[in-house]
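Analysis of the macromolecular model
Letter by letter, the chains look like this.
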Amino acid sequence: MQKKVLLTGFDAFGGQPLNPSWLAVQALHGRKVLGHTVVAAQLPTVFEASLRELDALLRQHQPALVICVGQAGGRKVLSLERVAINVNDAPLADNAGAKPVDTPVVRDAPVAYFTSLPIKAMLAALHEEGVGAEVSQTAGTFVCNHVFYGLMRTLATVPELAHTRGGFVHVPWLPEQGVPNMALDDIVRGLRVAVRSALQVDQDHALGAGTTH
């Protein structure tokens, strides 16, 4: 079976004309990284529908690695997300008009899941390549966290995906969207570095990357 890396991005939302997460992963579609073929797919910025599409993609491709990517306006660097929480609390309506408040992503499921990506090693690799990056302690409570939680829940509970590693990365706006921002070429380069590191590293680094707030 062909070894694959699944990268997902979102369609535009919140009145923005584009979404850098989709543009970045689309630019990597078909590339080879350490013998793995990158498959890029777009998810809708819609609660529930996004998880249905992600689940279908996971079962179709059974990737060795999956990184879901989302836009985070206001952030300056690539954010490697540590934890997904079992909460939907939408600050704005999704692209289908839904605006859930204080609902679970999955009923009767754990309150949170940690990423299975080696985020500290990825952070070190990104810094070595001169790409701005951080470990983030929150993926928010909108569709990005919804997808992140659903991804980790699926990887934890579906036997055929037991060996798939996965997690979530937020990317900044592009220059044409506002400030702070990051050039698309830098985002693409950063994601490629992140994928390579995630494929190379089995045991994550012991590297301090926490925050005081």
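Above this text sits the structure in question.
Residues numbered from 1 in each chain as written. Predicted model: local features only at pLDDT ≥ 70, side-chain atom pairs only at ≥ 80, totals over all residues. Heavy atoms only, no water.

1. Here's the deal with the pairing of strand β4 (residues 65-71)
Counted only if it meets this: Type-normalised accessible area, obtained with a 1.4 Å probe on protein chains alone, sets the label of each residue: buried when under 20%, exposed when over 50%, and partly exposed for intermediate values. Helix and strand assignments follow DSSP, with helices taken as H or I runs no shorter than four residues and strands as E runs no shorter than two, numbered in order from the N terminus. The rule for pairing is simple: two strands pair if DSSP sees at least two bridges between them.
Across the seven residues that make up β4, a large majority, seven, are buried. Across the two faces of β4 the burial is the same, with Leu65, Ile67, Val69 and Gln71 and Val66, Cys68 and Gly70 all buried. Taken together, the four bridges between strand β1 (residues 4-10) and β4 define a ladder with parallel strand orientation. Note that in β4 the partner of Leu7 across the bridge is Ile67. Pairing of β4 with strand β11 (residues 165-171), which is carried by seven bridges, proceeds in the parallel orientation.

2. Considerations on the pairing of strand β5 (residues 78-81)
Going residue by residue along β5, you find Leu78 and Leu80 tucked away on one face and Ser79 and Glu81 tucked away on the opposite face as well. Relative to strand β10 (residues 133-136), β5 runs parallel, the two being bridged by four bridges. Paired with Glu81 across the strands is Ser136, a residue of β10. As defined by bridge partners, β5 adjoins β11 across two bridges and the pair is classed as antiparallel. Across the sheet, residue Leu80 finds its bridge partner in β11, namely Val169.

3. Points about helix α3 (residues 119-128)
In terms of burial, α3 is a largely internal element, seven of the ten residues being buried. Within the span of α3, buried status applies to Ile119, Lys120, Ala121, Met122, Leu123, Ala125 and Leu126. The first or second residue beyond α3 is Gly130, which carries a positive phi of 80°.

4. Some details on the sheet that holds strand β3 (residues 36-43)
This is how it is decided: By definition, residues are in contact when any of their heavy atoms lie within 4.5 Å. Working convention: axes come from line fits to C-alpha atoms, limited for helices to the stretch in contact. Angles between N-to-C directions cover 0 to 180 degrees.
Taken together, the seven strands give an open sheet; going across it, the order is β2-β3-β1-β4-β11-β5-β10, and neighbouring strands pair in mixed fashion. Taken across any chain shown, the strands that pair with only one partner, and hence form the sheet edges, are β2 (32-33) and β10. In the packing of α3 onto the sheet, contacts are made with β4, β5 and β10, and the angle to β10 comes to roughly 160°.

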